[in-house]
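Residue-level listing of the chains:
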Amino acid sequence: MSNIIVLAEQQNGKLANATLHAIGAAKQLAAQVGGGFDIAVAGNGVGGVAEQLAGFGAGKVFLAEHGSLEKYTAQAYAQALHSAVAASGARFVVAAATSIGKDCVPRVAARLDAGMASDIVRINDGPTYTRPMWAGSVLGTVRVNTDIQVLTVRPTEFAKAEATGGASPIESIDAGVDAGSLRMSYVGIDAAESDRPALTDADVVISGGRGLKEPGNFALVEKLADLLGGAVGATRAVVDAGWVPNDWQVGQTGKVVAPKLYIAVGISGAIQHLAGMKGSKTIVAINKDPDAPIFTVADYGIVADLFDVVPELTEKLAAR
Ligand SMILES: Cc1cc2nc3c(=O)[nH]c(=O)nc-3n(C[C@H](O)[C@H](O)[C@H](O)COP(=O)(O)OP(=O)(O)OC[C@H]3O[C@@H](n4cnc5c(N)ncnc54)[C@H](O)[C@@H]3O)c2cc1C
């Protein structure tokens, strides 16, 4: 029996990259609390994902399948993942702090009557867990006092697990989904289609803010992003104004990113925005206000009008 279980995430049979970071965190935790780790995956017709997960050194991969798990809904997935945790007997439950992780895992914790630490960025001796509070302006250290501890980990703060080449046994379990009890059903998803890399996986992110003045000017940001093979991000101000899709939002109430290069264009650097990008390796800020808070986290600051700098930068990069 393993001490830890990782709740894997898949959508339409595709394993979420963030799960590999959660496995990385589980390995760190295992080095401290002892015992190995198992992995659970829930869905319908997701045997292929279980096979993929069998290559990461887990004691076992629990596969919970049910017709009600064809598409993600928090309630049904929480029931299935709870069944997997119960089957494993693990004391530590680890998942990635993605949108789905944030939506589903607290429900699993409630079903287990377990304490939960969310969005953790570090595992300390004890174990205690470090997590951002107040939009990342302080880092708190928390301890979970219940027998079972449930954790969501910030993918950007834990290295991806590498495949070990082994093949863990896959155990199909009764998903324990009570279809009659489900009070929500999947209707559809309104997702923005894009050929660009996913915001949370991209090595380069170019984000735009209100300094762009109007939605049409976002093309400047998109052109630069496409040239560098990057993803496009945005502040909440422009998302709320309806300029760009919601899933471009970076920050406390958006996505947390940590690319190799983050270019902030016409973004003031409000604390809620910094909470989602200040872990980026190199930050470049373009803002005409020398006192803009974005410059406090920038490695390179360009105090200038973005309408001069961005086209020039794009042109020079294209020429190279
Ligand atoms: C509970 C809560 C949660 C929030 N969550 C988020 C979140 O997840 N993500 C997020 O981003 N925000 C979030 N916010 C909003 C946040 O507080 C800010 O309002 C927002 O980030 C500001 O967006 P902005 O930088 O685009 O706009 P502004 O603050 O208006 O900044 C625009 C910047 O553009 C510069 N500028 C203007 N013209 C030019 C030019 N021609 N050239 C160069 N620079 C120029 C200006 O100097 C200014 O610094 C949240 C707020 C709350 C209360």
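Keep in mind that what you see is a predicted model, and the values were worked out from it rather than measured. (Residues numbered from 1 in each chain as written. Predicted model: local features only at pLDDT ≥ 70, side-chain atom pairs only at ≥ 80, totals over all residues. Heavy atoms only, no water.)

**What about the overall build of the protein chain?**
Okay, step 1: The helix and strand inventory of the protein chain stands at eight helices and 17 strands.
Okay, step 2: Taking 2.2 N^0.38 as the reference for a compact globule, 320 residues should give roughly 20 Å; the C-alpha atoms of the protein chain span a radius of gyration of 21 Å, in line with that estimate.
Okay, step 3: Across its three principal directions, the C-alpha atoms of the protein chain cover 60 × 40 × 40 Å.
Okay, step 4: Considering the protein chain as a whole, with its 320 residues, one finds that 49% of them fall into the buried category.
Okay, step 5: Counting every atom, the protein chain has about 14,800 Å² of accessible surface; 49% of that belongs to carbon and sulfur.
Okay, step 6: Here the protein chain contributes 26 positively and 32 negatively charged side chains, and the mean placements of these two sets differ by 4 Å. (Helix = DSSP H or I, 4+ residues; strand = E, 2+ residues; numbered from the N terminus. Rg over C-alpha atoms; globule rule 2.2 N^0.38 Å. Buried < 20%, exposed > 50% of the residue type's maximum accessible area, 1.4 Å probe, protein only. Areas by Shrake-Rupley, 256 points an atom, 1.4 Å probe, with all protein chains shown as cover. Lys, Arg positive; Asp, Glu negative; His and termini not counted. Charge placed at Lys NZ, Arg CZ, Asp CG, Glu CD.)

**Notes on the site of the ligand**
Okay, step 1: The environment of the ligand is made up of 26 residues, and the closest members are Arg-210, Lys-213, Thr-235, Thr-253 and Ser-268.
Okay, step 2: Within the side chain of Thr-235, an N or O atom sits 2.7 Å from an oxygen atom of the ligand.
Okay, step 3: The separation between an oxygen atom of the ligand and a polar main-chain atom of Gly-254 is 3.4 Å.
Okay, step 4: The fraction of the free accessible surface of the ligand (990 Å²) that becomes covered by protein chains is 77%.
Okay, step 5: Cavity membership is defined here by more than half of the atoms lying within 2 Å of grid points; on that basis the ligand lies in the second largest pocket.
Okay, step 6: Elements with a contribution of two residues or more to the shell around the ligand: helix H6 (236–240), helix H7 (271–274) and helix H8 (306–319).
Okay, step 7: Taken together, the residues of the shell around the ligand break down into seven nonpolar, 13 polar and six charged. (Near = heavy atom within 4 Å. Polar contact = N/O pair within 3.5 Å; in protein donor to acceptor, adjacent residues only side chain to side chain. 1 Å grid on protein atoms, 1.4 Å probe; cavity = no way out; pocket = protein on both sides within 12 Å on 5 of 7 lines; lining within 4 Å. Sits in = over half its atoms within 2 Å of the grid points. Nonpolar A, V, L, I, M, F, W, Y, C, P; charged D, E, K, R; others polar.)

**Describing the domain arrangement of the protein chain**
One widely used convention gives an interface's size as the accessible area the parts lose upon coming together.
Okay, step 1: Its domain assignment divides the protein chain into domain 1 (4–181) and domain 2 (204–319).
Okay, step 2: Here the C-alpha centre of domain 2 lies 32 Å away from the C-alpha centre of domain 1.
Okay, step 3: In this complex, domain 1 contributes six residues to the contact, which on the side of domain 2 involves seven residues.
Okay, step 4: Buried surface at the junction of domain 1 and domain 2, summed over both partners, amounts to about 590 Å²; 58% is from carbon and sulfur atoms.
Okay, step 5: Area buried by domain 1 at its contact with domain 2 is led by Ala-135, Arg-154 and Thr-156, which between them contribute 68% of it.
Okay, step 6: Connecting domain 1 to domain 2 are zero salt bridges.
Okay, step 7: Inspection of the domain 1/domain 2 interface yields one residue pair in polar contact (both at pLDDT 80 or more).
Okay, step 8: Residue classes in the side of domain 1 that touches domain 2 are distributed as two nonpolar, three polar and one charged. (Domains from an automatic or database assignment. Contact = heavy atoms within 4.5 Å. Buried area = accessible area lost by both parts, 1.4 Å probe. Salt bridge = Lys/Arg side-chain N within 4 Å of Asp/Glu carboxyl O.)

**As for the sheet that holds strand E12 (residues 170–174)**
Okay, step 1: What the seven strands build is an open sheet, ordered E7-E11-E6-E1-E4-E5-E12; its pairing is parallel. The open sheet has two edge strands with one neighbour each: strand E7 (115–120) and E12. Taken over all neighbouring pairs, the strand axes of this sheet differ in orientation by 25° on average, direction set aside.
Okay, step 2: When strand E1 (residues 4–7) meets strand E6 (residues 92–96), the two strands line up parallel, connected through three bridges. Note that in E6 the partner of Val-6 across the bridge is Val-94.
Okay, step 3: Strands E1, strand E4 (37–43), strand E5 (61–65), E6 and E12 of the sheet are contacted by helix H3 (residues 74–88), whose axis makes an angle of about 150° with E4.
Okay, step 4: Of the strands in this sheet, E1, E6, E7 and strand E11 (149–153) are in contact with helix H4 (residues 99–112), which crosses E11 at around 175°. (Pairing = 2+ DSSP bridges. Axes fitted to C-alpha atoms, helices over the stretch in contact; angles between N-to-C directions.)

**Some words on the packing of helix H5 (residues 218–227) against H8**
Okay, step 1: Where H5 meets H8, the closest approach of the two axes is 10 Å, and the angle between their N-to-C directions is 25°. In terms of orientation, H5 and H8 fall into the roughly parallel class. Between H5 and H8 the crossing geometry is left-handed. On the side of H5, the interface is formed by Leu-220, Lys-223, Leu-224 and Leu-227, while H8 contributes Leu-306, Phe-307, Val-310, Pro-311, Leu-313, Thr-314, Leu-317 and Ala-318.
Okay, step 2: The class makeup of the residues in the contact of H5 with H8 is ten nonpolar, one polar and one charged. (Parallel < 35°, antiparallel > 145°, perpendicular 65-115°, else oblique. Left-handed = near helix turned anticlockwise from the far one by under 90°.)

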